[in-house]
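# Examining the three-dimensional arrangement
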Amino acid sequence: MNIHRVARDLVATHRTASLADKSLRVVEDHRGNLEVALDPVGAKPGDFVITIGTSAARIAAGDPRITTDLTIGGIIDHWTEARWRD
Amino acid sequence: MNIHRVARDLVATHRTASLADKSLRVVEDHRGNLEVALDPVGAKPGDFVITIGTSAARIAAGDPRITTDLTIGGIIDHWTEARWRD
Amino acid sequence: MNIHRVARDLVATHRTASLADKSLRVVEDHRGNLEVALDPVGAKPGDFVITIGTSAARIAAGDPRITTDLTIGGIIDHWTEARWRD
Amino acid sequence: MNIHRVARDLVATHRTASLADKSLRVVEDHRGNLEVALDPVGAKPGDFVITIGTSAARIAAGDPRITTDLTIGGIIDHWTEARWRD
Amino acid sequence: MNIHRVARDLVATHRTASLADKSLRVVEDHRGNLEVALDPVGAKPGDFVITIGTSAARIAAGDPRITTDLTIGGIIDHWTEARWRD
(Lines give C-alpha, C1' and ligand atoms only; values in the text may rest on other atoms or scores of the structure.)
Protein backbone atom coordinates (compact mmCIF):
# COMPACT_ATOMS: atom_id res chain seq x y z
CA MET A 1 0.00 0.00 0.00
CA ASN A 2 1.11 3.54 -0.59
CA ILE A 3 0.78 6.80 1.28
CA HIS A 4 -0.99 9.54 -0.64
CA ARG A 5 -2.38 12.95 0.16
CA VAL A 6 -5.84 13.79 -1.15
CA ALA A 7 -5.55 16.72 -3.56
CA ARG A 8 -9.13 17.25 -4.71
CA ASP A 9 -12.28 15.62 -6.04
CA LEU A 10 -12.41 14.40 -9.62
CA VAL A 11 -15.50 14.74 -11.79
CA ALA A 12 -16.05 12.33 -14.67
CA THR A 13 -19.66 12.55 -15.74
CA HIS A 14 -19.24 10.21 -18.70
CA ARG A 15 -17.91 6.97 -17.23
CA THR A 16 -18.33 3.19 -17.45
CA ALA A 17 -21.20 1.66 -15.52
CA SER A 18 -18.63 -0.40 -13.62
CA LEU A 19 -17.43 2.72 -11.78
CA ALA A 20 -21.03 3.39 -10.74
CA ASP A 21 -21.53 6.64 -8.87
CA LYS A 22 -18.57 6.18 -6.56
CA SER A 23 -16.60 9.17 -5.30
CA LEU A 24 -13.24 9.63 -6.99
CA ARG A 25 -10.34 11.66 -5.59
CA VAL A 26 -7.15 12.92 -7.17
CA VAL A 27 -4.32 11.84 -4.86
CA GLU A 28 -0.65 12.76 -4.96
CA ASP A 29 2.44 10.99 -3.71
CA HIS A 30 5.41 12.66 -2.03
CA ARG A 31 6.89 13.53 -5.41
CA GLY A 32 3.68 15.22 -6.54
CA ASN A 33 2.69 12.48 -9.01
CA LEU A 34 -1.09 12.35 -9.42
CA GLU A 35 -3.32 9.28 -9.47
CA VAL A 36 -7.05 8.73 -9.11
CA ALA A 37 -8.48 6.68 -6.23
CA LEU A 38 -11.95 5.54 -5.37
CA ASP A 39 -12.89 6.71 -1.90
CA PRO A 40 -15.19 4.61 0.29
CA VAL A 41 -14.05 6.24 3.56
CA GLY A 42 -14.90 9.91 2.98
CA ALA A 43 -11.42 11.45 2.92
CA LYS A 44 -11.01 15.20 2.52
CA PRO A 45 -8.45 17.29 0.63
CA GLY A 46 -5.27 17.41 2.69
CA ASP A 47 -5.84 14.07 4.40
CA PHE A 48 -2.98 11.59 4.28
CA VAL A 49 -4.40 8.20 3.30
CA ILE A 50 -3.38 4.60 2.65
CA THR A 51 -4.14 3.56 -0.92
CA ILE A 52 -4.66 -0.06 -1.95
CA GLY A 53 -3.89 -1.36 -5.44
CA THR A 54 -4.20 -4.62 -7.41
CA SER A 55 -7.32 -6.80 -7.10
CA ALA A 56 -7.53 -5.80 -3.42
CA ALA A 57 -8.71 -2.37 -4.60
CA ARG A 58 -11.92 -3.84 -5.96
CA ILE A 59 -12.64 -5.75 -2.77
CA ALA A 60 -11.86 -2.68 -0.64
CA ALA A 61 -14.42 -0.76 -2.71
CA GLY A 62 -17.08 -2.92 -1.10
CA ASP A 63 -18.00 -4.78 -4.29
CA PRO A 64 -15.48 -6.62 -6.50
CA ARG A 65 -17.49 -5.64 -9.59
CA ILE A 66 -16.46 -2.01 -9.06
CA THR A 67 -13.59 -1.52 -11.52
CA THR A 68 -11.07 0.43 -9.50
CA ASP A 69 -7.35 -0.32 -9.35
CA LEU A 70 -6.73 2.14 -6.48
CA THR A 71 -8.91 2.53 -3.41
CA ILE A 72 -8.46 4.59 -0.27
CA GLY A 73 -8.22 2.11 2.61
CA GLY A 74 -7.92 4.44 5.57
CA ILE A 75 -6.96 7.87 6.85
CA ILE A 76 -3.57 7.93 8.55
CA ASP A 77 -3.36 9.37 12.08
CA HIS A 78 -0.50 11.71 12.92
CA TRP A 79 1.19 11.93 9.55
CA THR A 80 2.93 15.05 8.36
CA GLU A 81 4.73 16.17 5.26
CA ALA A 82 8.01 15.78 7.14
CA ARG A 83 7.35 12.11 7.93
CA TRP A 84 6.65 11.49 4.28
CA ARG A 85 10.14 12.29 3.30
CA ASP A 86 12.12 10.61 6.03
CA MET B 1 -6.21 4.81 -11.77
CA ASN B 2 -4.21 7.18 -13.89
CA ILE B 3 -4.93 10.30 -15.87
CA HIS B 4 -4.09 10.04 -19.54
CA ARG B 5 -4.76 12.10 -22.65
CA VAL B 6 -5.94 10.27 -25.75
CA ALA B 7 -3.34 10.73 -28.49
CA ARG B 8 -4.81 8.78 -31.39
CA ASP B 9 -6.36 5.52 -32.52
CA LEU B 10 -4.25 2.41 -32.85
CA VAL B 11 -4.70 -0.11 -35.63
CA ALA B 12 -3.62 -3.71 -35.11
CA THR B 13 -5.25 -5.84 -37.77
CA HIS B 14 -3.45 -9.02 -36.75
CA ARG B 15 -4.40 -9.56 -33.09
CA THR B 16 -5.44 -12.29 -30.65
CA ALA B 17 -9.10 -13.29 -30.65
CA SER B 18 -9.22 -12.25 -26.99
CA LEU B 19 -8.93 -8.57 -27.96
CA ALA B 20 -11.92 -9.05 -30.25
CA ASP B 21 -12.80 -6.03 -32.38
CA LYS B 22 -12.54 -3.54 -29.54
CA SER B 23 -11.35 0.02 -30.15
CA LEU B 24 -7.82 0.70 -29.02
CA ARG B 25 -6.36 4.14 -28.31
CA VAL B 26 -2.81 5.33 -27.82
CA VAL B 27 -2.81 7.34 -24.59
CA GLU B 28 -0.05 9.48 -23.08
CA ASP B 29 0.71 10.49 -19.53
CA HIS B 30 1.92 13.92 -18.43
CA ARG B 31 5.50 12.96 -19.27
CA GLY B 32 4.56 11.91 -22.80
CA ASN B 33 4.96 8.17 -22.16
CA LEU B 34 2.69 6.17 -24.47
CA GLU B 35 0.48 3.23 -23.57
CA VAL B 36 -2.41 1.48 -25.30
CA ALA B 37 -5.89 1.38 -23.74
CA LEU B 38 -9.10 -0.31 -24.73
CA ASP B 39 -11.87 2.25 -25.05
CA PRO B 40 -15.47 1.31 -24.19
CA VAL B 41 -16.58 4.93 -23.67
CA GLY B 42 -15.84 6.52 -27.04
CA ALA B 43 -13.11 8.97 -26.09
CA LYS B 44 -11.63 11.28 -28.73
CA PRO B 45 -8.07 12.49 -29.33
CA GLY B 46 -7.36 15.29 -26.85
CA ASP B 47 -9.77 14.00 -24.18
CA PHE B 48 -8.38 13.60 -20.68
CA VAL B 49 -9.47 10.21 -19.38
CA ILE B 50 -9.21 7.96 -16.33
CA THR B 51 -7.47 4.69 -17.16
CA ILE B 52 -7.99 1.52 -15.15
CA GLY B 53 -5.34 -1.19 -14.82
CA THR B 54 -4.96 -4.66 -13.24
CA SER B 55 -7.80 -7.22 -13.42
CA ALA B 56 -10.28 -4.33 -13.12
CA ALA B 57 -9.40 -3.41 -16.72
CA ARG B 58 -10.95 -6.61 -18.00
CA ILE B 59 -14.15 -6.10 -16.02
CA ALA B 60 -14.36 -2.46 -17.13
CA ALA B 61 -14.14 -3.68 -20.74
CA GLY B 62 -17.58 -5.17 -20.23
CA ASP B 63 -16.43 -8.79 -20.44
CA PRO B 64 -13.65 -10.28 -18.27
CA ARG B 65 -12.57 -12.49 -21.18
CA ILE B 66 -11.38 -9.41 -23.06
CA THR B 67 -7.60 -9.41 -22.49
CA THR B 68 -6.85 -5.80 -21.77
CA ASP B 69 -4.66 -4.56 -18.92
CA LEU B 70 -5.66 -0.89 -19.43
CA THR B 71 -9.17 0.36 -20.07
CA ILE B 72 -10.58 3.87 -20.30
CA GLY B 73 -13.04 4.24 -17.42
CA GLY B 74 -14.34 7.75 -18.02
CA ILE B 75 -13.76 11.15 -19.55
CA ILE B 76 -12.68 13.76 -17.02
CA ASP B 77 -14.64 17.01 -16.84
CA HIS B 78 -12.74 20.28 -16.57
CA TRP B 79 -9.19 19.01 -16.78
CA THR B 80 -6.43 21.00 -18.40
CA GLU B 81 -2.78 20.51 -19.10
CA ALA B 82 -1.98 22.87 -16.25
CA ARG B 83 -3.89 20.76 -13.69
CA TRP B 84 -1.94 17.73 -14.83
CA ARG B 85 1.30 19.13 -13.64
CA ASP B 86 0.30 20.67 -10.34
CA MET C 1 9.12 -10.14 -3.74
CA ASN C 2 11.05 -7.20 -2.43
CA ILE C 3 13.38 -6.59 0.46
CA HIS C 4 12.25 -3.89 2.86
CA ARG C 5 13.29 -2.65 6.27
CA VAL C 6 10.55 -2.01 8.82
CA ALA C 7 10.58 1.68 9.71
CA ARG C 8 7.72 1.98 12.21
CA ASP C 9 4.10 1.16 12.95
CA LEU C 10 1.33 2.98 11.13
CA VAL C 11 -1.89 4.02 12.83
CA ALA C 12 -5.04 4.48 10.77
CA THR C 13 -8.01 4.50 13.09
CA HIS C 14 -10.52 5.29 10.36
CA ARG C 15 -10.17 2.49 7.83
CA THR C 16 -12.23 0.16 5.65
CA ALA C 17 -13.66 -2.94 7.30
CA SER C 18 -11.70 -5.00 4.80
CA LEU C 19 -8.42 -4.08 6.51
CA ALA C 20 -9.90 -5.32 9.78
CA ASP C 21 -7.71 -4.77 12.83
CA LYS C 22 -4.53 -6.01 11.19
CA SER C 23 -1.15 -4.55 12.10
CA LEU C 24 0.28 -2.17 9.51
CA ARG C 25 3.95 -1.21 9.21
CA VAL C 26 5.69 1.54 7.29
CA VAL C 27 8.48 -0.16 5.34
CA GLU C 28 11.29 1.40 3.31
CA ASP C 29 13.33 0.15 0.41
CA HIS C 30 17.06 0.70 -0.06
CA ARG C 31 16.40 4.10 -1.62
CA GLY C 32 14.29 5.21 1.36
CA ASN C 33 10.95 5.02 -0.49
CA LEU C 34 8.13 4.32 1.96
CA GLU C 35 5.26 1.86 1.54
CA VAL C 36 2.74 0.32 3.91
CA ALA C 37 2.63 -3.44 4.51
CA LEU C 38 0.32 -5.65 6.50
CA ASP C 39 2.30 -7.68 9.01
CA PRO C 40 1.16 -11.19 9.96
CA VAL C 41 4.59 -12.28 11.24
CA GLY C 42 5.29 -9.73 13.98
CA ALA C 43 8.25 -7.86 12.51
CA LYS C 44 9.93 -5.10 14.50
CA PRO C 45 11.40 -1.75 13.44
CA GLY C 46 14.82 -2.40 11.93
CA ASP C 47 14.01 -5.91 10.74
CA PHE C 48 14.78 -6.70 7.12
CA VAL C 49 11.75 -8.46 5.63
CA ILE C 50 10.47 -10.02 2.42
CA THR C 51 7.36 -8.24 1.16
CA ILE C 52 4.81 -9.91 -1.11
CA GLY C 53 2.66 -7.98 -3.58
CA THR C 54 -0.17 -8.65 -6.06
CA SER C 55 -3.00 -11.05 -5.19
CA ALA C 56 -0.51 -13.17 -3.24
CA ALA C 57 -0.50 -10.42 -0.58
CA ARG C 58 -4.11 -11.14 0.31
CA ILE C 59 -3.50 -14.89 0.59
CA ALA C 60 -0.36 -14.30 2.68
CA ALA C 61 -2.48 -12.20 5.05
CA GLY C 62 -4.22 -15.41 6.04
CA ASP C 63 -7.57 -14.46 4.50
CA PRO C 64 -8.03 -13.40 0.86
CA ARG C 65 -10.79 -11.00 1.92
CA ILE C 66 -8.20 -8.83 3.68
CA THR C 67 -7.56 -6.01 1.20
CA THR C 68 -3.81 -5.63 1.32
CA ASP C 69 -1.56 -5.31 -1.72
CA LEU C 70 1.66 -5.70 0.31
CA THR C 71 2.22 -8.25 3.07
CA ILE C 72 5.31 -9.15 5.06
CA GLY C 73 6.13 -12.76 4.20
CA GLY C 74 9.14 -13.39 6.42
CA ILE C 75 12.04 -11.91 8.34
CA ILE C 76 15.36 -12.30 6.54
CA ASP C 77 18.25 -13.91 8.41
CA HIS C 78 21.68 -12.34 8.16
CA TRP C 79 20.87 -9.31 6.06
CA THR C 80 22.70 -6.06 6.48
CA GLU C 81 22.53 -2.62 4.94
CA ALA C 82 25.68 -3.43 2.98
CA ARG C 83 24.10 -6.49 1.35
CA TRP C 84 21.15 -4.37 0.29
CA ARG C 85 23.27 -2.27 -1.94
CA ASP C 86 25.50 -4.85 -3.54
CA MET D 1 -0.95 -2.32 -22.74
CA ASN D 2 2.46 -1.30 -23.94
CA ILE D 3 4.14 -0.92 -27.28
CA HIS D 4 7.22 -3.07 -27.77
CA ARG D 5 9.47 -4.03 -30.65
CA VAL D 6 10.41 -7.68 -31.00
CA ALA D 7 14.18 -8.00 -30.63
CA ARG D 8 14.76 -11.73 -31.00
CA ASP D 9 13.70 -15.19 -29.89
CA LEU D 10 14.59 -16.45 -26.44
CA VAL D 11 15.61 -20.02 -25.75
CA ALA D 12 15.07 -21.51 -22.29
CA THR D 13 15.33 -25.27 -22.55
CA HIS D 14 15.02 -25.85 -18.81
CA ARG D 15 11.70 -24.27 -17.83
CA THR D 16 8.61 -24.89 -15.69
CA ALA D 17 5.91 -27.12 -17.16
CA SER D 18 3.53 -24.18 -16.84
CA LEU D 19 5.30 -22.35 -19.68
CA ALA D 20 4.83 -25.44 -21.84
CA ASP D 21 6.48 -25.25 -25.25
CA LYS D 22 5.26 -21.74 -26.02
CA SER D 23 7.35 -19.35 -28.12
CA LEU D 24 9.09 -16.63 -26.13
CA ARG D 25 10.40 -13.39 -27.57
CA VAL D 26 12.74 -10.77 -26.14
CA VAL D 27 10.96 -7.42 -26.61
CA GLU D 28 12.27 -3.91 -26.02
CA ASP D 29 10.54 -0.65 -25.20
CA HIS D 30 11.42 2.74 -26.64
CA ARG D 31 14.16 3.18 -24.04
CA GLY D 32 15.75 -0.16 -24.94
CA ASN D 33 14.64 -1.95 -21.76
CA LEU D 34 14.26 -5.68 -22.39
CA GLU D 35 11.42 -7.93 -21.27
CA VAL D 36 10.28 -11.41 -22.27
CA ALA D 37 6.84 -12.01 -23.81
CA LEU D 38 4.97 -15.12 -24.82
CA ASP D 39 3.97 -14.91 -28.46
CA PRO D 40 0.74 -16.54 -29.67
CA VAL D 41 0.50 -14.39 -32.82
CA GLY D 42 3.76 -15.21 -34.62
CA ALA D 43 5.53 -11.86 -34.46
CA LYS D 44 8.94 -11.45 -36.09
CA PRO D 45 12.03 -9.49 -35.04
CA GLY D 46 11.47 -5.83 -35.88
CA ASP D 47 7.66 -6.00 -35.55
CA PHE D 48 6.03 -3.41 -33.32
CA VAL D 49 3.55 -5.21 -31.07
CA ILE D 50 1.02 -4.58 -28.31
CA THR D 51 1.97 -6.41 -25.12
CA ILE D 52 -0.57 -7.36 -22.47
CA GLY D 53 0.31 -7.72 -18.77
CA THR D 54 -1.39 -8.75 -15.51
CA SER D 55 -3.81 -11.71 -15.41
CA ALA D 56 -4.97 -10.77 -18.93
CA ALA D 57 -1.62 -12.11 -20.19
CA ARG D 58 -2.56 -15.64 -19.20
CA ILE D 59 -5.94 -15.44 -20.88
CA ALA D 60 -4.41 -13.94 -24.02
CA ALA D 61 -2.03 -16.92 -24.13
CA GLY D 62 -5.05 -19.06 -24.95
CA ASP D 63 -5.02 -20.96 -21.67
CA PRO D 64 -5.07 -19.31 -18.22
CA ARG D 65 -2.85 -22.09 -16.86
CA ILE D 66 0.03 -20.81 -18.97
CA THR D 67 2.13 -18.81 -16.53
CA THR D 68 3.02 -15.72 -18.50
CA ASP D 69 2.80 -12.16 -17.20
CA LEU D 70 3.40 -10.60 -20.65
CA THR D 71 1.81 -11.75 -23.89
CA ILE D 72 1.90 -10.29 -27.38
CA GLY D 73 -1.68 -9.29 -28.23
CA GLY D 74 -1.26 -8.01 -31.77
CA ILE D 75 1.05 -6.59 -34.40
CA ILE D 76 0.63 -2.84 -34.86
CA ASP D 77 -0.01 -1.52 -38.37
CA HIS D 78 1.87 1.57 -39.54
CA TRP D 79 4.08 2.17 -36.53
CA THR D 80 7.54 3.61 -36.85
CA GLU D 81 10.36 4.44 -34.51
CA ALA D 82 9.47 8.11 -34.87
CA ARG D 83 5.89 7.58 -33.66
CA TRP D 84 7.24 5.79 -30.63
CA ARG D 85 8.93 8.86 -29.37
CA ASP D 86 6.32 11.49 -30.10
CA MET E 1 8.53 -11.55 -17.81
CA ASN E 2 11.90 -10.18 -16.87
CA ILE E 3 15.46 -11.35 -17.19
CA HIS E 4 17.31 -11.68 -13.91
CA ARG E 5 20.62 -13.14 -12.78
CA VAL E 6 20.59 -15.28 -9.64
CA ALA E 7 22.76 -13.60 -7.02
CA ARG E 8 22.49 -15.96 -4.04
CA ASP E 9 20.14 -17.91 -1.80
CA LEU E 10 18.01 -16.11 0.73
CA VAL E 11 17.34 -17.49 4.20
CA ALA E 12 14.17 -16.47 6.05
CA THR E 13 13.62 -18.90 8.88
CA HIS E 14 10.65 -17.01 10.30
CA ARG E 15 8.13 -16.84 7.47
CA THR E 16 4.41 -17.21 6.72
CA ALA E 17 3.09 -20.74 6.28
CA SER E 18 1.99 -19.71 2.79
CA LEU E 19 5.62 -19.58 1.62
CA ALA E 20 6.05 -23.14 2.89
CA ASP E 21 9.59 -24.48 2.65
CA LYS E 22 10.19 -23.28 -0.89
CA SER E 23 13.64 -22.18 -2.03
CA LEU E 24 14.07 -18.43 -2.33
CA ARG E 25 16.77 -16.70 -4.39
CA VAL E 26 17.97 -13.12 -4.44
CA VAL E 27 17.93 -12.06 -8.11
CA GLU E 28 19.26 -8.90 -9.71
CA ASP E 29 18.33 -7.05 -12.87
CA HIS E 30 20.76 -5.44 -15.28
CA ARG E 31 20.89 -2.31 -13.14
CA GLY E 32 21.75 -4.30 -10.01
CA ASN E 33 18.32 -3.89 -8.36
CA LEU E 34 17.60 -6.83 -6.06
CA GLU E 35 14.36 -8.79 -5.76
CA VAL E 36 13.45 -12.14 -4.22
CA ALA E 37 12.09 -14.98 -6.36
CA LEU E 38 10.77 -18.41 -5.52
CA ASP E 39 12.72 -21.05 -7.42
CA PRO E 40 11.00 -24.26 -8.57
CA VAL E 41 13.59 -25.03 -11.27
CA GLY E 42 16.83 -25.27 -9.26
CA ALA E 43 18.73 -22.27 -10.61
CA LYS E 44 22.26 -21.56 -9.39
CA PRO E 45 24.07 -18.31 -8.62
CA GLY E 46 25.17 -16.75 -11.90
CA ASP E 47 22.36 -18.31 -13.97
CA PHE E 48 20.35 -15.96 -16.13
CA VAL E 49 16.67 -16.74 -15.61
CA ILE E 50 13.19 -15.68 -16.72
CA THR E 51 11.14 -14.39 -13.80
CA ILE E 52 7.34 -14.42 -13.80
CA GLY E 53 5.25 -11.91 -11.84
CA THR E 54 1.56 -11.22 -11.05
CA SER E 55 -0.85 -14.09 -10.32
CA ALA E 56 1.07 -16.23 -12.81
CA ALA E 57 3.87 -16.44 -10.22
CA ARG E 58 1.67 -18.45 -7.88
CA ILE E 59 0.63 -20.87 -10.60
CA ALA E 60 4.23 -21.25 -11.78
CA ALA E 61 5.17 -22.17 -8.19
CA GLY E 62 3.21 -25.38 -8.71
CA ASP E 63 0.44 -24.47 -6.26
CA PRO E 64 -1.60 -21.24 -6.41
CA ARG E 65 -1.75 -21.17 -2.60
CA ILE E 66 1.98 -20.45 -2.47
CA THR E 67 2.16 -16.70 -1.89
CA THR E 68 4.89 -15.60 -4.24
CA ASP E 69 4.71 -12.62 -6.58
CA LEU E 70 7.91 -13.58 -8.45
CA THR E 71 8.84 -17.07 -9.59
CA ILE E 72 11.72 -18.33 -11.72
CA GLY E 73 10.16 -19.80 -14.86
CA GLY E 74 13.23 -21.07 -16.67
CA ILE E 75 16.98 -20.84 -17.16
CA ILE E 76 17.96 -18.94 -20.30
CA ASP E 77 20.32 -20.62 -22.75
CA HIS E 78 23.15 -18.60 -24.25
CA TRP E 79 22.66 -15.32 -22.41
CA THR E 80 25.55 -13.11 -21.47
CA GLU E 81 26.01 -9.86 -19.64
CA ALA E 82 26.60 -8.16 -22.98
CA ARG E 83 23.23 -9.30 -24.37
CA TRP E 84 21.55 -7.90 -21.28
CA ARG E 85 22.52 -4.40 -22.11
CA ASP E 86 21.93 -4.31 -25.84
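Look up: the structure comes first, before these words.
Every chain is numbered on its own, with residues counted from 1 as its sequence reads. For this description, chains carry letters from A and ligands carry numbers from 1, given in the order in which they are written. It should be noted that, the model being predicted, local features are given only for residues of pLDDT at least 70 and side-chain atom pairs only at 80 or more, the latter also being counted only at that level, while totals for whole chains, interfaces and linings use all residues. Only hydrogens and water are set aside when side-chain values are computed; all heavy atoms of the structure are taken into account.

### Description of the relation of the copies chain A and chain C
- The two copies are related by a screw operation: chain A maps onto chain C through 72° of rotation and 0.0 Å of translation along the axis, at an RMSD of 0.0 Å. Here the copies are linked by what is in effect a five-fold axis. Taking C-alpha positions as the reference, the residue of chain A nearest the rotation axis is T54(A), at 5.0 Å.
- Should any heavy atoms of two residues lie within 4.5 Å, those residues are counted as being in contact. The residues that chain A uses at the interface reappear at the interface of chain C in only 8% of cases, marking distinct surfaces. Copy-to-copy alignment: least squares on C-alpha atoms, limited to residues at pLDDT 70 or above in both.

### Here we look at the pairing of strand β4 (residues 34-38) of chain B
Residue and element names in this part refer to chain B.
- Exposed residues in this analysis have more than 50% of their type's maximum accessible area, buried residues have under 20%, and partly exposed residues fall in between, with area computed by a 1.4 Å probe over protein chains only. Secondary structure elements follow DSSP: runs of H or I no shorter than four residues count as helices, runs of E no shorter than two count as strands, and numbering proceeds from the N terminus. With respect to burial, β4 is a largely interior element, four of its five residues being buried.
- Sheet topology note: the strand β3 (residues 24-28)/β4 ladder contains five bridges and is antiparallel. Residue pairing for β4: L24 is matched across the bridge by L38.
- Strand pairing follows a simple DSSP-based rule, namely that at least 2 bridges must link the two strands. Counted along the chain from β3 to the antiparallel partner β4, the turn is five residues long, and its residue G32 has a positive phi close to 90°.

### A closer look at the arrangement of the chains
- Separating chain B from chain C is a minimum C-alpha gap of 10 Å, and the two share no contact.
- There is no contact between chain C and chain D; across them, the least C-alpha separation is 10 Å.

### So, the interface of chain A and chain C
- Contact residues are listed per partner, giving 26 residues for chain A and 28 residues for chain C.
- Summing the contributions of chain A and of chain C, the shared interface buries around 2000 Å²; its carbon and sulfur component is 57%.
- Summed over the three residues of chain A that lose the most area to chain C, namely M1(A), I59(A) and D77(A), the buried surface amounts to 30% of that side.
- One speaks of a salt bridge when a side-chain nitrogen belonging to Lys or Arg is within 4 Å of a carboxyl oxygen belonging to Asp or Glu. Between the two partners, chain A and chain C, sit zero salt bridges. Buried area: the accessible area, evaluated with a 1.4 Å probe, that two parts lose upon being put together, summed over both parts.

### Focus: the interface of chain D and chain B
- Counting residues at the interface gives 26 residues for chain D and 28 residues for chain B.
- Carbon and sulfur atoms make up 57% of the surface buried where chain D meets chain B, a total of about 2000 Å² over both sides.
- Counting every contact that joins chain D to chain B gives zero salt bridges.
- For this analysis, a polar contact is any N or O atom pair within 3.5 Å, provided that within protein one partner can donate a hydrogen and the other can accept it, and provided that sequence-adjacent residues contribute only side-chain to side-chain pairs. Applying the counting criterion to the chain D and chain B interface returns ten residue pairs in polar contact (both at pLDDT 80 or more).
- Secondary-structure elements contributing two or more residues to the side of chain D that touches chain B are β1 (2-9), β5 (48-52), α1 (54-60), β6 (71-75) and α2 (81-84) of chain D.

### With respect to the packing of aromatic side chains
- Only Phe, Tyr and Trp rings are paired, with Trp represented by its six-membered ring, and only when their centres lie within 6.5 Å; those with planes under 30 degrees apart are stacked, over 60 edge-to-face, the remainder tilted. This model, assessed by the stated rule, comprises five aromatic pairs over all chains.
- Geometrically, the ring pair formed by F48(A) and W84(A) is edge-to-face, given 5.1 Å between the ring centres and 90° between the ring planes. Linking F48(A) in strand β5 (residues 48-53) with W84(A) in helix α2 (residues 81-84), this pair joins segments that are 36 residues apart in sequence. For the pair F48(A) and W84(A), a shared accessibility class is recorded, and that class is buried.
- Looking at R83(D), its charged tip hangs above the ring of W79(D), at a distance of 5.8 Å from the centre. Think of it as a cone above the ring: NZ of Lys or CZ of Arg counts as a charge over the ring if it is within 6 Å of the ring centre and within 35 degrees of the ring normal.

### Some words on the relation of the copies chain D and chain B
- Its rotation angle being 72°, the transformation that places chain D on chain B also includes 0.0 Å of axial translation and leaves an RMSD of 0.0 Å.
- When the interface residues of chain D are mapped onto chain B, a mere 8% of them again lie at the interface, so each copy presents a different face.

### Thoughts on the pattern of salt bridges
- Scanning the entire structure with this criterion turns up 25 salt bridges over all chains.
- For the salt bridge of R5(D) with E81(D), the shortest nitrogen-to-oxygen distance reads 2.7 Å. Of this pair, R5(D) sits in strand β1 while E81(D) is found in helix α2, placing the two residues 76 residues apart along the sequence.
- Two residues, R25(D) and D9(D), come together in a salt bridge whose shortest N-O distance is 2.8 Å. Of this pair, R25(D) sits in strand β3 (residues 24-28) while D9(D) sits in strand β1, and the two are 16 residues apart along the sequence.
- The partly exposed category is assigned to D9(D), whose relative accessible area is 48%.
- Because the salt bridges share partners, they merge into one network encompassing R5(A), E28(A) and E81(A).

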